[in-house]
There are 2 protein chains.
Amino acid sequence: MCQLLGMNCNVPTDICFSFEGFAARGGKTDDHKDGWGIAFFEGKGCRIFVDEKPSIASPVAELVRSYPIRSTHVIAHIRKATQGEITLENCHPFRREMWGRYWVFAHNGDLPDFQLGSTKYYIPVGNTDSEKAFCLILETLRTAFPYGKPSLRELYSVLQQVTQKLASHGIFNYLLSDGEYFFTHCSTKLCYIVRQAPFVAAHLIDQDVTVDFSELTTPSDRVAVIATTPLTDNETWTAIAPGELLAFQDGLPVQI
Amino acid sequence: MCQLLGMNCNVPTDICFSFEGFAARGGKTDDHKDGWGIAFFEGKGCRIFVDEKPSIASPVAELVRSYPIRSTHVIAHIRKATQGEITLENCHPFRREMWGRYWVFAHNGDLPDFQLGSTKYYIPVGNTDSEKAFCLILETLRTAFPYGKPSLRELYSVLQQVTQKLASHGIFNYLLSDGEYFFTHCSTKLCYIVRQAPFVAAHLIDQDVTVDFSELTTPSDRVAVIATTPLTDNETWTAIAPGELLAFQDGLPVQI
């Protein structure tokens, strides 16, 4: 299994604090040693760092920990391989272009009996169940909306159907974004926290690090952090219910 | 205009030495300040670093300069914007998936009157002529070979046709690779060098740095470096003729 970390904000925010705790699970406080990756959207552009090395031993992870890249949509993943070798092409997040936007996907779980049939637009490069599931999601959406990106409500409905179909094959927690929409699906384990004014200090579970967000934020900032398990031990995280597909906007889950 | 740097080798090799000189042109010895990017293939996997900051001021470029990523197929680019804003989505190299492989493309030149019509598979995310040209190349290849990746000879023939069509719109020097095939097209300016035994010392033009390759290589290593202008001042670089589309394999241009 793997672990997921996502962030959605109303203003570009750096993820250094959360990534510090998350990256420790890649070989230090947990055994997710089979690669990691992180995607940052900056407008329509997208920067992805992936590495098949454990995140605690990766010079690229060190860069991400120390270099504050500000973004409104972030998706990160540390991997413990269940299917597919430990190679670069099997590292999450995966990225494809659809409707003139980059779409990014990371998965925690296992879909042991899922087979991807023939597809017209999207073909996996690696051999993970996760990338196959991502290809099916995009193929389904693109076929349903051939003329361009639909509204959030229209897209959500089709995404929910294909998600349920995939989730019936096993465990399917995921994060999906194109830098505008941001979706999280909980199959077994996923939680989130919304940080907004009044900001307080937060303390990591996986590293003895505290950050006082009141010193780093303005009163109108709002940040949602989504993770497989809580990253801090002095805040209340909300568990997402199994089967629930959430859409986040400007740092909050929205009603569809 | 921009500058291109490519590398194709018979064994995974790091590009630190060449990148050191090349990155200096991004704001130090030359004025290519509008972003940069580099793609490394590792098997079917592909690692891309892009930044809209000048390469001499980019922490990500510093990582690439100091961290020896070994690869057989590398494409790098520093940008001086002619079309499209200075944003992340307009940084080269661009990447798309085709036939279950990642394809990577970088362009030096300007195609002022080229318009991309309606496409079925590939839609630009940014607004550069370069990404539009890349989309047309992939669209043309995928339409010509709908059942999967063809032989080098078959692909070369169709690529040459679409390249000539695009080159008629302006200046179109480019590098294109999927981690197996490696193409270079010279429209106005592109040159290469093949380094192989007996290896000697090479001295950069843009930085006072010398590397003695005989200390770092084995006798069977062979490395082709392709660049807009020569990177070293004590080696003989071969100019590629305008209009010439070359395919490199295992560190050598091959006859098609």
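Residues numbered from 1 in each chain as written. Chains lettered and ligands numbered in written order. Predicted model: local features only at pLDDT ≥ 70, side-chain atom pairs only at ≥ 80, totals over all residues. Heavy atoms only, no water.

## Quick look at the overall build of chain A
Note the cut-off: Numbering of helices and strands runs from the N terminus; a helix is a DSSP stretch of H or I covering at least four residues, while a strand is a stretch of E covering at least two. The atom set for the radius of gyration is the C-alpha atoms, and the globule formula is 2.2 Å times the number of residues raised to the power 0.38. Relative accessibility thresholds used throughout: buried, under 20% of the residue-type maximum; exposed, over 50%; partly exposed, between the two (1.4 Å probe, protein chains only). Any pair of residues with heavy atoms lying within 4.5 Å of one another is described as a contacting pair. His is not counted, nor are the chain ends, whereas Lys and Arg count as positive and Asp and Glu as negative. Note on charges: their place is set at NZ of Lys, CZ of Arg, CG of Asp or CD of Glu.
Secondary structure summary: chain A contains four helices and 15 strands in total. Taking 256 residues into account, the globule formula puts the C-alpha radius of gyration at 18 Å, and chain A, at 17 Å, falls close to it. Dimensions along the principal axes, computed over C-alpha positions, put chain A at roughly 50 × 35 × 30 Å. Among the 256 residues that make up chain A, the fraction classed as buried is 59%. Counting contacts in chain A only where the partners sit at least 6 residues apart, residues at least 24 apart contribute 72% of the total. A distance of 5 Å separates the average location of the 22 positive side-chain charges in chain A from that of its 29 negative side-chain charges.

## Some thoughts on the sheet that holds strand β15 (residues 252–254) of chain A
Residues and elements named next belong to chain A. Here is the rule: Two strands form a pair only when DSSP identifies at least two bridges running between them. The axes used here are C-alpha line fits, helices contributing only the stretch in contact, and every angle between their N-to-C directions lies in the interval 0 to 180 degrees.
Sheet architecture is open: six strands sit in the order β5-β6-β7-β8-β14-β15, paired in antiparallel fashion. If you trace the sheet from one side to the other, it starts and ends with β5 (94–98) and β15, each paired once. Strand-to-strand twist in this sheet, taken as the mean axis angle between neighbours without regard to direction, amounts to 30°. Bridge count for strand β14 (residues 245–249) against β15 is three bridges, and the pairing is antiparallel. Note on β15: the bridge partner recorded for alanine 247 is valine 254.

## Let's talk about the packing of helix α3 (residues 129–144) of chain A against helix α4 (residues 152–167) of chain A
Residue and element names in this part refer to chain A. Definition in use: Each helix crossing is assigned a hand: it is left-handed if the near helix lies turned anticlockwise from the far helix by less than a right angle, otherwise right-handed if that turn is clockwise. Note on residue categories: nonpolar means Ala, Val, Leu, Ile, Met, Phe, Trp, Tyr, Cys or Pro, charged means Asp, Glu, Lys or Arg, and polar means any other residue, Gly included.
Put simply, α3 and α4 touch, their axes get as near as 10 Å, and they point 145° apart. Along this stretch, α3 crosses α4, giving a crossing that reads as right-handed. Taking contact as the criterion, the partners of Ala133, Leu136, Ile137, Thr140, Leu141 and Ala144 in α3 are, on α4, Leu155, Val158, Leu159, Val162, Lys165 and Leu166. Considered class by class, the residues forming the contact of α3 with α4 number 10 nonpolar, one polar and one charged.

## Things to note about the interface of chain A and chain B
What counts is decided by this rule: The term buried area means the drop in 1.4 Å probe accessible area that two parts suffer when joined, counted for both and summed. A pair is scored as a salt bridge if a Lys or Arg side-chain nitrogen falls within 4 Å of a carboxyl oxygen belonging to Asp or Glu.
Listed by partner, the interface residues are 32 residues for chain A and 32 residues for chain B. Buried surface at the junction of chain A and chain B, summed over both partners, amounts to about 2,800 Å²; 54% is from carbon and sulfur atoms. Our enumeration of links across chain A and chain B arrives at six salt bridges. Among the ionic pairs, aspartate 51 of chain B bridges to arginine 47 of chain A, the shortest N-O distance being 3.4 Å.

## Digging into helix α3 (residues 129–144) of chain B
What counts here: For a helix, the expected span equals 1.5 Å multiplied by the number of residues minus one.
With 16 residues, α3 of chain B extends 22 Å between its outermost C-alpha atoms, agreeing within 8% with the 22 Å of an ideal straight helix rising 1.5 Å per residue. A large share of α3 of chain B lies buried, amounting to 12 of its 16 residues. If you check which residues of α3 of chain B are buried, you get Asp129, Ser130, Glu131, Ala133, Phe134, Cys135, Leu136, Ile137, Leu138, Glu139, Leu141 and Arg142 of chain B. Tucked inside the fold, the buried residues of α3 of chain B contact β6 (101–110) of chain A together with β5 (94–98), β6 (101–110), α4 (152–167) and β7 (171–177) of chain B.

## Comments concerning the pairing of strand β4 (residues 70–78) of chain B
Residue and element names in this part refer to chain B. Most of β4 is tucked away, with eight of its nine residues classed as buried. The pairing of strand β1 (residues 3–14) with β4 spans eight bridges and is classified as antiparallel. Among the inter-strand pairings, threonine 13 is bridged to a residue of β4, identified as serine 71. Two strands pair when backbone bridges link them, and strand β2 (residues 36–42) and β4 are joined in this way by six bridges, in the antiparallel orientation. What sits directly across from alanine 39, in β4, is isoleucine 75.

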